[in-house]
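# Working through the structure, step by step
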Amino acid sequence: MPRISQSVRAVYFDAVGTLLFPEPPAPVIYAQIAHQHGLPISAEEVRSRFWAAYQEEERADHSLQWRTNEDREQQRWHRIITRSLAGVADPEACYRELFEHFARPDSWRLATDAQDTLTQLQNRGLVLGLASNYDHRLWKVLAGFPALACFHNRVVISADVGIRKPGREFFEEAAQRVHCPASELLFVGDDRANDYEGALQAGWQAILLDPQGRHPDVRSRIKRLAELLE
Ligand SMILES: [Mg+2]
């Protein structure tokens, strides 16, 4: 069973899929927008197109050695949205609507056990941070969630850093923010390659959030955030 080891002084969390979730789910909202633009497509079909487009952008970033910036993030989402909704009458309008949709706090929900878990970890004296492969929209989203104000100036966004997870420099930037050596840092996230393996490769400790039990071979994993308190 994973526990937070005594040596940990600071814990960084991933944002999307760990603390924050699109509500309604992304394929549902994509399908709604597609319908409004003349493409009758199911959320299931969107999900499969989205996943293929998303993976292609992951490969593109890998070939760029994980370099990123605001332009690259907009390009990523433009490609993912237009591929997911291929066949709509006005792909540019769909892109703008969806890009803006996910900049609004009311398009997101907080994990049900996030607030209590964060408060209790803070009460134990741990420094908390947020480290996300996202863009400037995350600032607008965070402004709508007072429970996430505990991260203060320890919000690390890949488009600002110039390198995204799992790039080593991303984790080094996060470590500098809290003035801790890598060995005293823990990363908690839902993405095996970007969060869990990226953190381990940077010398951090790591716990994978694996709510559906997809990674039985990962030694250190939890199904719910509240398990961090055990
Ligand atoms: Mg995630």
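Worth saying up front: this structure is predicted, and the values here are computed from it rather than measured. (Residues numbered from 1 in each chain as written. Predicted model: local features only at pLDDT ≥ 70, side-chain atom pairs only at ≥ 80, totals over all residues. Heavy atoms only, no water.)

Turning to the overall build of the protein chain, a few remarks are in order. Helices and strands together make up the secondary structure of the protein chain, namely nine helices and eight strands. Oriented by its inertia axes, the alpha-carbon framework of the protein chain measures out at about 55 × 35 × 35 Å. Looking at the protein chain as a whole, 50% of its 230 residues are labelled buried. Summarising the internal contacts of the protein chain: among those between residues at least 6 apart in sequence, 66% fall at separations of at least 24. Here the protein chain has roughly 11000 Å² of accessible surface; of this, 51% comes from carbon and sulfur atoms. Positive and negative side-chain charges of the protein chain, numbering 27 and 32 respectively, have mean locations separated by a distance of 3 Å. (Helix = DSSP H or I, 4+ residues; strand = E, 2+ residues; numbered from the N terminus. Buried < 20%, exposed > 50% of the residue type's maximum accessible area, 1.4 Å probe, protein only. Contact = heavy atoms within 4.5 Å. Areas by Shrake-Rupley, 256 points an atom, 1.4 Å probe, with all protein chains shown as cover. Lys, Arg positive; Asp, Glu negative; His and termini not counted. Charge placed at Lys NZ, Arg CZ, Asp CG, Glu CD.)

Further remarks concern unusual backbone geometry. In the segment running from Glu23 into Pro24, the intervening peptide bond is cis, with an omega of 5 degrees. Relative to the helices and strands, Pro24 resides in the loop between strand E2 (20–22) and helix H1 (26–36). For the bond running from Lys165 to Pro166, omega is 10 degrees, close enough to zero to count as cis. Relative to the assigned elements, Pro166 resides in the loop between helix H7 (158–161) and helix H8 (168–178). Although it is not a glycine, His152 sits at a positive phi angle of roughly 45 degrees. For His152, the position within the fold is in the loop between helix H6 (137–142) and strand E5 (155–157). A relative accessible area of 56% means that His152 is categorised as exposed.

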